[in-house]
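Now for the letters of each chain:
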Amino acid sequence: MKIDLTNTTSSKINAALMEARRVGGSTAAGMVLTLVIVTDEGSAYDALKAANDASREHPSRTLAVIKRAGRSPRARAETRLDAEILVGSDAGSGETVILRMHGELAAHAQSVVLPLLLPDAPVVVWWPDNAPLHPAQDPLGSIAQRRITDAVTAESPVGQLAQRAQSYTPGDTDLAWTRITGWRSMLAAALDQRPSQIVSAVVEGESYNPSVELLGLWLHNRLHVPVERVVTGGPGITAVHLRTKDGDITLDRPDGLMGTLSMPGSPDRQVALKRRETSELIAEELRRLDPDDIYSTAVRTPVDRLHEPSNAETVAAGRVAQAVSDVPVANPDRVTAAAEKKPAAKKAARKAAEKADEQAAGDSA
């Protein structure tokens, strides 16, 4: 069922939701949380589709906030709220309300959202892109128990991690962290099967991918070893190597679908490590509404803790210089002897000349 309301209010939207629920034969809400999506027209379709898919695991009321401040002075002066209500099969296993706020109302979105929240239910706010610098201080973020951002959509994804670390408040999380759940689980299981002393680690992945940095920072914090970050062509994270004295524990995923786990003394194993859709990531984040302490520790670790590999040309030049310096002298004893004999020969010649001069002087006398 789809209901369009033009130039409406929050109370009219609530009345329309109750009427739609009564017509559908369900007087109880039966939803576990309110998911507020702050987005624009360009990203609204994908975000709503992901939220609807996630609602099959977490029945929720989804409020999509689309701000349309207007480009002209006349459009900015017009204050209007338009709503589109989706219930039934069009809204997954919950209710969806698309709120388009025009004019000055766009700056006061919380006044529209507050009356539409489910009573006694947690609130989660998700910014698919263009997240605020301080999510917890945002008017909508301040009413939520969990705040979800996505650093990969930022202009500088790795730089966005520094901003997330600076503004972190318990309850914040990022989908760049959610994407590495499978990698963290596989690596932890590998070390449980074969406890080893890790001396260093290497994380390989595409450039400008914040998940690669977060995985490296997590390894650095958990294992207390130096971690090297290697740039590859992707997709996403391609491999992790844990260096041990017995050999490398390697989790390799070159195609973004299946991974290969290699451990010393064990045959290689194929493991499922597929790159997940946004709906799966959102569903995972909605499973827990308490602060993620492991994420807070990883994101607040400076990215410069990861080591970049040396330049290949510099390494090659260093190896050539080392090879030249290591070349032995053909016969060092002879060279030393020649160096010692040269001053001795000069001294003997000088004595012989002095003796000849003395003899010549005696004969003349």
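Residues numbered from 1 in each chain as written. Predicted model: local features only at pLDDT ≥ 70, side-chain atom pairs only at ≥ 80, totals over all residues. Heavy atoms only, no water.

Colleague: Tell me what's going on with the nonpolar core, and back it up with residues and numbers.
Modeller: Residues Leu 187, Leu 215, Leu 219, Val 240 and Leu 242 are the most contacted members of the largest nonpolar core, which totals 34 residues. Going through the elements one at a time, α6 (175-178), α7 (181-193), β9 (198-206), α8 (210-223), β11 (237-244), β12 (247-252) and α10 (293-299) are the ones with two or more residues in this core. When residues in this core are grouped by element, the largest group, 6 residues, is from α8. Leu 215 has contacts with Ile 180, Trp 183, Arg 184, Leu 187, Val 203, Ile 237 and Val 240, leaving out every residue within four places of it along the chain. Residues Ala 20, Leu 99, Met 101 and Leu 117 belong to the second largest nonpolar core, which totals 27 residues. (Core = buried A, V, L, I, M, F, W, Y, C linked by side-chain atoms within 4.5 Å. Buried < 20%, exposed > 50% of the residue type's maximum accessible area, 1.4 Å probe, protein only. Helix = DSSP H or I, 4+ residues; strand = E, 2+ residues; numbered from the N terminus. Contact = heavy atoms within 4.5 Å.)

Colleague: Give a detailed account of the sheet that holds β12, specifying residues and quantitative values.
Modeller: In space, the 6 strands of this open sheet follow the order β10-β9-β11-β12-β13-β14, with mixed pairing throughout. Of all strands in the sheet, those with a lone pairing partner are β10 (227-232) and β14 (269-272), marking the two edges. Sheet twist, expressed as the mean angle between neighbouring strand axes with direction ignored, is 20°. Inspection of the sheet shows β9 paired to β11 by 7 bridges, in the antiparallel sense. (Pairing = 2+ DSSP bridges. Axes fitted to C-alpha atoms, helices over the stretch in contact; angles between N-to-C directions.)

Colleague: I'd like a rundown of the pattern of salt bridges, residues and numbers included.
Modeller: Using the criterion set out here, one finds 18 salt bridges in the structure. Between Glu 41 and Arg 68 there is a salt bridge; the shortest N-O distance is 3.5 Å. Taken together, the residues Glu 41 in helix α2 (residues 41-54) and Arg 68 in strand β3 (residues 60-68) connect sequence positions 27 residues apart. A relative accessible area of 34% means that Glu 41 is categorised as partly exposed. Assessed through its relative accessible area of 38%, Arg 68 is described here as partly exposed. Where Glu 84 meets Arg 100, a salt bridge forms, and the shortest distance between an N and an O atom there is 3.5 Å. Pair noted here: Glu 84 is in strand β4 (residues 80-87) and Arg 100 is in strand β5 (residues 95-102), with a separation of 16 residues, a long-range link. Connected through shared salt-bridge partners, Lys 2, Glu 41, Arg 68, Glu 84 and Arg 100 make up one network. (Salt bridge = Lys/Arg side-chain N within 4 Å of Asp/Glu carboxyl O.)

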